[in-house]
Amino acid sequence: QTTRVAVLLGSLRADSVNRRLAELVAERAPEGVEVVIAEGLGDVPFYNEDVDAAGAPAAAQALRDLVARADRVLAVTPEYNGTMPAVLNNAIDWLSRPYGQGALTGKPFAAVGVTPTPYGGQWAHDHARRSATIAGAVVPEEIAFSQTSIDVDVLTDEQVVARLLGAVEALVAAQPATAAA
Ligand code: FNR
């Protein structure tokens, strides 16, 4: 049976290195693993409890449905101003509601990615993990991958792709939380 991994991209730009890495990993997903990129995160409105109460907009609902159907969630993101990009933060906010029953609840989550600075976007990844934890996800701290790349042309570096694939495998091996009996 297939384990489905939903990818949340923190970058909207067409030539995003993080997108290209995620696409490579989707192509090379291990046997029995399907990696699905959540498209259209830029179309999801800013989270607003009033709007949610009136019925989630189509783009937000599509995001919730995609993650609900997934077994694991992987954020692949650069860092913006020392934290995760707003588009990723907003996605996590939508996935955190309804409170206690959001699509992230109980689901293994990891945050990884590449930036050109020496820390490789570690704050973005730390903050995404913290938010996902608060949203009810299972977040194994050891699945951490913050890769620096002075030259953004990291895709020729097979080690980066291998590290990312390793993160996917570790995430697939992580156990979801079972609902309290
Ligand atoms: C950045 N960048 C950046 N990088 C970083 O490591 N730490 C940071 O705090 C920031 N801050 C930041 C803010 C804003 C508004 C932008 C646009 C960029 C650089 C960023 O990591 C770089 O552009 C990445 O290559 C973007 O990743 P994608 O789009 O190639 O996936």
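Scope of this entry: the structure provided in the associated data block. Just so it is clear, the model here is predicted, and its values are computed rather than measured.

To continue, consider unusual backbone geometry. In this model, R97 is joined to P98 through a cis peptide bond whose omega is 0°. In this fold, P98 is placed in the loop between helix 4 (86–95) and strand 4 (109–115). Even without a glycine there, the phi angle at N81 is positive, about 50°. Along the polypeptide, N81 turns up in the loop between strand 3 (72–76) and helix 4. Relative accessible area serves as the criterion here: at 83%, N81 is assigned to the exposed category.

Two side chains that carry opposite charge are able to pair once their charged atoms sit near each other. For the structure on display, the rule yields 5 salt bridges. Residues R19 and E23 are paired through a salt bridge, measuring 3.2 Å at the closest nitrogen-oxygen approach. Of this pair, R19 and E23 both sit in helix 1 (residues 17–27), 4 residues apart, roughly one helical turn. Owing to a relative accessible area of 18%, R19 belongs among the buried residues under this scheme. Judged by its relative accessible area of 33%, E23 is partly exposed.

Take the site of the ligand next. Surrounding the ligand, one finds 14 residues, the nearest of these being S11, S16, N18, T115 and T117. The backbone of G82 places a nitrogen or oxygen atom 2.8 Å from an oxygen atom of the ligand. T115 places a polar side-chain atom, nitrogen or oxygen, 2.7 Å from an oxygen atom of the ligand. Taken together, the residues that form the shell around the ligand break down as 5 nonpolar, 7 polar and 2 charged.

Attention shifts here to the environment of V33. Take V33: it is sitting in strand 2 (residues 33–37). Each C-alpha atom of the pair V33 and V168 lies 9.0 Å from the other, and the pair is 135 residues apart in sequence. Residues in contact with V33, not counting those within four places in the same chain, are T2, T3, V5, V168 and V172.

Rules and cut-offs
- Residues numbered from 1 in each chain as written.
- Predicted model: local features only at pLDDT ≥ 70, side-chain atom pairs only at ≥ 80, totals over all residues.
- Heavy atoms only, no water.
- Helix = DSSP H or I, 4+ residues; strand = E, 2+ residues; numbered from the N terminus.
- Buried < 20%, exposed > 50% of the residue type's maximum accessible area, 1.4 Å probe, protein only.
- Salt bridge = Lys/Arg side-chain N within 4 Å of Asp/Glu carboxyl O.
- Near = heavy atom within 4 Å.
- Polar contact = N/O pair within 3.5 Å; in protein donor to acceptor, adjacent residues only side chain to side chain.
- Nonpolar A, V, L, I, M, F, W, Y, C, P; charged D, E, K, R; others polar.
- Contact = heavy atoms within 4.5 Å.

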